[in-house]
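Chain and residue survey
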Amino acid sequence: MNMLFTKKQKLLLQIFVALITFLTLLSGITFGVMFALTRNISESNSIGEYHPSLPSQILDIHGNLITEFFSDEKREIIPIDELPRHLIQALITREDREFFQHNGFSLKGIIRAAWKIMTRQYVSGGSTITQQVAGKHYADRSQKTIKRKIVELWWALQLEKTLSKYEILELYLNESYFGHNTYGVEAASQFYFRHSARDLTIAESAILVIQLANPARYSPIKYPARARVIQKEVINQMVDLNYITREEAELSFNEYWNKTYDPLRSSSETAYLVKDDKAPYFSEYIRQELEDILYGSLDYFRDGLVVHTTLDLKYQQKADKYMQDGFISMNKTYLENAGTRTNFADKEFLPIVEALALFFDLDSIRSAGSQDKKLAYDNYYEVVNPAINALSFLFDSSDLRFISRMGQANQAGKIKRNTVEGALISIDNETGYIKAMVGGSDFETKKLNRAVQAKVMPGSAFKPLYYSAAISSKLLTPSSMLYDKPVMFRNDDGTPYAPNNFLGEWKGPVSVRYALANSMNIPSIQVLDFIGFDAAINRAARLLGIKDPDDIADTFPRKYPLALGIIGVAPIQMAKAFATFPNQGKEVTPIGIRYIEDRSGKIILEPERELRANQKREGERIQIMSPQAAYIMVDMLKSTVEYGTLANRRRLVNGFPMAFGGKTGTTQNWSDAWTVGFSPYMTTAIWFGFDMPGNSLGLNQTGAQAAGPVWARYMKDVHENNPEMPPVEFKKPGGLVELSVCSVSGMLPTEYCNEGTKSEIFIAGTEPRKFCTLHQFKSDRNEELIKKLQNNFYTGSADLENLEKEILNLQDYETLKSMSEMDNKQSGVETNSDNSGNISTDLLD
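The text that follows walks through the structure, step by step, so that each part is easy to find. (Residues numbered from 1 in each chain as written. Predicted model: local features only at pLDDT ≥ 70, side-chain atom pairs only at ≥ 80, totals over all residues. Heavy atoms only, no water.)

1. As for the overall build of the protein chain
In terms of helices and strands, the protein chain carries 30 helices and 20 strands. The 845 residues of the protein chain split such that 50% are buried. When contacts within the protein chain are restricted to residue pairs at least 6 apart in sequence, those whose partners lie at least 24 apart make up 72%. Just so you have it, the protein chain exposes about 40,900 Å², and 54% of that area is on carbon and sulfur atoms. (Helix = DSSP H or I, 4+ residues; strand = E, 2+ residues; numbered from the N terminus. Buried < 20%, exposed > 50% of the residue type's maximum accessible area, 1.4 Å probe, protein only. Contact = heavy atoms within 4.5 Å. Areas by Shrake-Rupley, 256 points an atom, 1.4 Å probe, with all protein chains shown as cover.)

Rendered as structure tokens:
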């Protein structure tokens, strides 16, 4: 019976083969002629020029790989002559042993495949490697039809005529799917073995070729036991075919399973999930830029573009390090501050609340303690709510699902309100090159790039923008005197505004330079009031790159709190604005892409070249302020680092390798902390705060205390011992005058100026022309008062008190003399000696 069945099988097979052969020859000739006549035969001219999907590479300014963009295919082309011979031999052994003998198809292969189908053995398929390549390029291999086989055969013959055997193998190995989202042998080797296909061993080659038939079944990551069996078969067959020796086979096989194989590797791992990205926020910024400039003409996921960017991975690594240190430190401090506030509430207020609840029988306000309530809430969100969510799916309950989602939304909001986030961006002062970018603490958790997309208040970091308008106006100089004391300002609508300084301290007469360096509020608002809203807003808008009139109107309120930075800006805008100062007043445009190449190395787009051409066409219009005014701003902001709000940060890092300038900023309620500063080479803006406004970092986390140390450590690290940025001075233009002025009045010193002098810098023509009269007035007045005492003009304690008041009133003379030009401008300013009215507590820095 078994013999009879075998004979029947053989008879059926012979009939089947004869029929297939006849139909193949007849249909192939007929269809081939018709196909050649009806289809655009010009496609045959492009045989071998097929461009498989390739990821686009994102490179830093030194050509180092940042990341790759790809979607469903992860691929990298590698020439056939760079692959090891045993890989080719393993492939031929497994897929097409007669590859070097046939002309595109193998009758023996068809018969062998048919026989294995009938006997339920391994199905390698009847198609040759050439047919598989032809089918991938010119047919739909998802169809199991005779027509598809004929189309494959036709194009296989064309391939064999046009390409060499090794060129066909190169196409096949570089475009085939190897499982786990890898296409091409190089991507597969990098994924499975963490090295190039150029270095494949015999055992590794065998592992790869068995993926070609069924990667889902023979994955060495998911099913190592299955893969091991088939791998051994392929290696043994290679020995039988005299491709390798038995000793080579055994050595490579054992080495793979004893050394190379990683049993702890996740079975769900794919090439996409292990994509390496050394600057994820910057990469996402570049991806969005590509969307804008390519207009869909090229697919950066598949077209194998090479994008040359401005990022410097050396700087990026340092930025990542110091920002992560900052995130850890600030969140720790924030939680400690929150705990302190909770303890205070439990101690001071809960007894009162409990007494009220008992007296009036109000159960709704009774509490066991704010910390106990917090533990209860945490337990609900972490334990109870997930259980409710699971039950909602188990019982298909929309009510439970609603409750669960509300809990999830509340928890998400709580995280946004209570997690300190931040951003860092560094740009080159002259070119606008983005050198480093950090958009948050964890890109995978939330892909919001706060360096570019966040709109947060800059606080006092905004002050230099309109101070620069005052310097450009030539009405104020660094030595002009302002008066720091409680003042109420009235807005156009009549509403009063009475800000405070940090900790409510008042300094009296101060210079413009000193007021900016120490972030003093009242003097700064006086500067805004002096130059007017139009000048301040126009200058700030130009520096920040806000050009649309509607956007300007929406961004800048025409009210005095504007002076303290109550607008929404992104860190990249602040970096752009500050970089204008060391760039001699010229507009700085941040740029991330220099040029783009296609897969063949041809430059197809040059965003930087277009930007430079546009800047050249703009000419003087990109000159936001004169080089002289810009240099004075640089010089004043250096004072912030020397003795102002960043002085302690300079001391923290034991000094900087060259002169730096900058400004700190803290918004109302200490909700945002900034430091923006520059060297002669680059500008860095750093922000810390919350994604959802309304919370406070704490009194001990101002811009100087929180963002300042991160800025100082990062800027020192990237500059120190850096041959690309040797120590230099800021560029100093002509048209400036340096001279000695009285340290107190800011005027030319006289012999009576016994409180010291200082060197100050001015735009030529704005330097003081009058000599200081303050100290001579003091001297004369003191002599007169002394004579009165000597003549017993004052007899009682009341008279002595009046004398003291008279001496103290001398301080007002200094301000009256220096601010005489501002009297007419400040008609809307009222002295607020009793602090009446609506007091705003803008405690900045």
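2. Here we look at the sheet that holds strand 6 (residues 421–428)
Read across the sheet, five strands follow the order 7-6-16-15-14 without closing on themselves; strand pairing throughout is antiparallel. The open sheet is flanked by strand 7 (434–438) and strand 14 (661–666), the only strands paired with a single partner. When the angles between neighbouring strand axes are averaged without regard to direction, this sheet yields 5°. Contacts from helix 25 (residues 627–642) reach strand 14 and strand 15 (673–678), with the element oriented near 65° to strand 14. (Pairing = 2+ DSSP bridges. Axes fitted to C-alpha atoms, helices over the stretch in contact; angles between N-to-C directions.)

3. Observations regarding the pattern of salt bridges
Per the counting criterion, the structure on display carries 24 salt bridges. In this structure, Asp-312 and Lys-314 form a salt bridge, with 3.2 Å as the shortest nitrogen-oxygen distance. With a relative accessible area of 0%, Asp-312 lands in the buried category. One salt bridge in this structure joins Lys-559 and Asp-493, with 2.7 Å as the shortest N-O distance. Of this pair, Lys-559 sits in the loop between helix 22 (549–555) and helix 23 (571–579) while Asp-493 sits in the loop between strand 9 (487–490) and strand 10 (496–499); the two residues are 66 residues apart in sequence, bridging distant segments of the chain. In this structure, a network of salt bridges that share partners links the residues Arg-513, Asp-635, Lys-638 and Glu-760. (Salt bridge = Lys/Arg side-chain N within 4 Å of Asp/Glu carboxyl O.)

4. Section: the packing of helix 10 (residues 224–240) against helix 11 (residues 246–260)
Between helix 10 and helix 11, whose axes approach to 9 Å, the crossing angle comes to 165°. Considered as vectors, helix 10 and helix 11 are oriented roughly antiparallel to each other. Along this stretch, helix 10 crosses helix 11, giving a crossing that reads as right-handed. For the pair helix 10 and helix 11, contact is made by Pro-224, Arg-228, Gln-231, Lys-232, Ile-235, Asn-236, Val-239 and Asp-240 and by Arg-246, Ala-249, Glu-250, Phe-253, Tyr-256 and Trp-257, respectively. (Parallel < 35°, antiparallel > 145°, perpendicular 65-115°, else oblique. Left-handed = near helix turned anticlockwise from the far one by under 90°.)

5. Concerning the nonpolar core
Judged by nonpolar contacts, the single largest core of 92 residues is most densely connected at Phe-282, Leu-290, Ile-425, Tyr-466, Leu-544 and Phe-556. By residue number, the principal contributor to this core is helix 25, which donates eight residues. Ignoring anything within four residues of it in the chain, the contact list for Phe-556 reads Phe-462, Ile-537, Ala-540, Ala-541, Leu-544, Ile-546, Leu-562 and Ile-567. The next biggest cluster of nonpolar side chains, apart from the first, holds 53 residues, and it includes Ala-90, Ile-92, Leu-212 and Ala-227. (Core = buried A, V, L, I, M, F, W, Y, C linked by side-chain atoms within 4.5 Å.)

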